[in-house]
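Architecture at a glance
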Amino acid sequence: MPAQAAPAIEAEDLVKVYPGGETALGGVSFAVRRGEIFGFLGPNGSGKTTAVRILVTLLRATRGAARVAGFDTAREAHRVRRVIGYAGQSVGVDDDLTSSENLAVTGFIHGLRHDESWRRTAELLEVFSLADAGNIRAGRLSGGLRRRLDLAQALVHRPEVLFLDEPTTGLDPQSRNALWDQLRGLSRDGTTVFLTTQYLEEADRACDRVAILDGGRLVRVGTPASLKEEVGGGRLAVTLRDEADRPRATRALGSLPGLVRLEPGGASEPVVAYVRDARASAAPVVGLLSAEGIGVAALDQAQASLDDVFLRYTGDRPRAEPSLAGAVSSVFAAAHGRRRR
Amino acid sequence: MSRDVKVNAAVALGARNLLRNLRTPMLVAASLAQPVIWLVLFSQIFRALAGTAAFQRLGYQSYLAFFVPGMVVLSMLFTALQSGMATVTDIGSGMMDKLLISPIRRSAILAGRVAADAITMLARPRSSSAWRC
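Below is a short write-up of the structure. (Residues numbered from 1 in each chain as written. Chains lettered and ligands numbered in written order. Predicted model: local features only at pLDDT ≥ 70, side-chain atom pairs only at ≥ 80, totals over all residues.)

The pairing of strands in a sheet happens through backbone hydrogen bonds and is either parallel or antiparallel. All names here are of chain A. Strand order in this open sheet of four strands is 2-1-4-5, and the pairing throughout is antiparallel. A strand with exactly one partner marks an edge of an open sheet, and here the two such strands are strand 2 (23-32) and strand 5 (71-72). For strand 1 (residues 9-17) and strand 2, the ladder comprises seven bridges, and the chain directions are antiparallel. Note on strand 2: the bridge partner recorded for I9 is V32. Helix-sheet contacts for helix 1 (residues 48-55) involve strand 1, strand 2 and strand 4 (63-68), and the interaxial angle to strand 1 is about 120 degrees. (Pairing = 2+ DSSP bridges. Helix = DSSP H or I, 4+ residues; strand = E, 2+ residues; numbered from the N terminus. Contact = placed C-beta atoms within 7 Å. Axes fitted to C-alpha atoms, helices over the stretch in contact; angles between N-to-C directions.)

All right, on to the nonpolar core then. One recurring pattern in soluble globular proteins: nonpolar side chains tend to sit buried together. Residues and elements named next belong to chain A. Ranked by internal contacts, the top residues of the largest apolar core, which has 101 residues, are L41, L55, V68, V161, F163 and F194. A total of six residues in this core trace back to one element, the largest contributor, which is helix 5 (residues 143-155). Split by domain, the residues of this core number at least three in each of domain 1 (9-227 + 316-339) and domain 2 (233-303). Once residues within four sequence positions are removed from consideration, F163 is found in contact with V52, L55, V56, I84, Y86 and F194. (Core = buried A, V, L, I, M, F, W, Y, C linked by C-beta atoms within 7 Å. Buried ≥ 20, exposed ≤ 12 C-beta atoms within 10 Å, placed from the backbone. Domains from an automatic or database assignment.)

Glancing now at unusual backbone geometry. The phi angle of most residues is negative, glycine excepted, and most peptide bonds adopt the trans form. Residues and elements named next belong to chain A. One non-glycine residue, T57, lies in the positive phi region at around 70 degrees. Inspection of the secondary structure puts T57 in the loop between helix 1 and strand 4. Phi angles above zero are rare outside glycine, and R158 is one such case at about 50 degrees. If you trace the backbone, R158 turns up in the loop between helix 5 and strand 7 (161-165). Given 14 C-beta atoms within 10 Å, R158 falls into the partly exposed group.

Right, dumping it as structure tokens:
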């Protein structure tokens, strides 16, 4: 029996190489505490979905180990499946069944008894504001309602650990906020939530900790606040009056007190200084530049965001989407995951 | 009335697959009409074959008696094709992922599919039998 104090999710040196030779994960290790909301962030093709699919037992790692609720995902997959809920990137609802039927069938296949499954169905329809859609076929619902139904399905059997792969994609802002409220409520009740998202602002607000994945490797793990602190808690963007002053301005700002990092920027871009405290550093910036006789057209100050952290560690160039061959092999692997090592 | 019983996963999935079949009107119509159309078309076109000496040497009393078993097999193949397409749809929509990470046996997924298809297949020859009567 796994100890209660053990992490809800543990990954040790996870490596995944697809049959075509594509390395999706190059040795990823992390641990998620029970009751935590843990965000997995990364550019397209960084390996987030592969990691999630290994943790939910849809894929087997080429090397390394993963445990969920103390159970090994490769050797004790059947035990892992009893304690997890999962909503993937695709909305996995049955279009020909009504919302109620979708939820009830999910309850049955997770071992709920007949009456209990229908009771839970009614409860979740209320919680996810789907009561009016209970008798409507899922295929006739809007994209947002279908996504909500998909998430409700993941919660039918009250899982200990909930995996969500980009859960807010396709939701309007109201639905996104409602979802985050629900996830925070689940977390308070002890459910561990592991999610991937492209909405960094939301991850910043809702996640207890985040991990940043790039090129199949984990580049940072921490609380949003600590990661922002690392890149500089504040951000000062200096727009120069004369483009020719950029090299001198960069040199002058190098001696700014509290400076964490300086980005000289390109033509017509501002010089950006990441500092510990933007408000305290604003006056010295003006002073240093004035002393050099450099004209400032504008000075914008802001607190560093998770976007800054993300771009700092993953670069600012767009990534190619995974190839079709990769997607096909992923589907194949899902269907035949048990045969893979 | 309370029905606080455990629902077998294969039964639940079978019922789900059958509901899907029934709620696709085009599929239901095609399933029922196709054997009848084949019977009408082929029996009318090749009826004259039954009178040939070569055909009678095979031992068949009529062209229909010769054709019906083949048509039943074709109907089964058509149902199997539909079943395969439904499985591909499940994989594409993410439904299969949900089934694969649920604690049910893999055999229950297959059993649910086979049960629904068996019922669908049974309905087909009946529609052609009704035409023959």
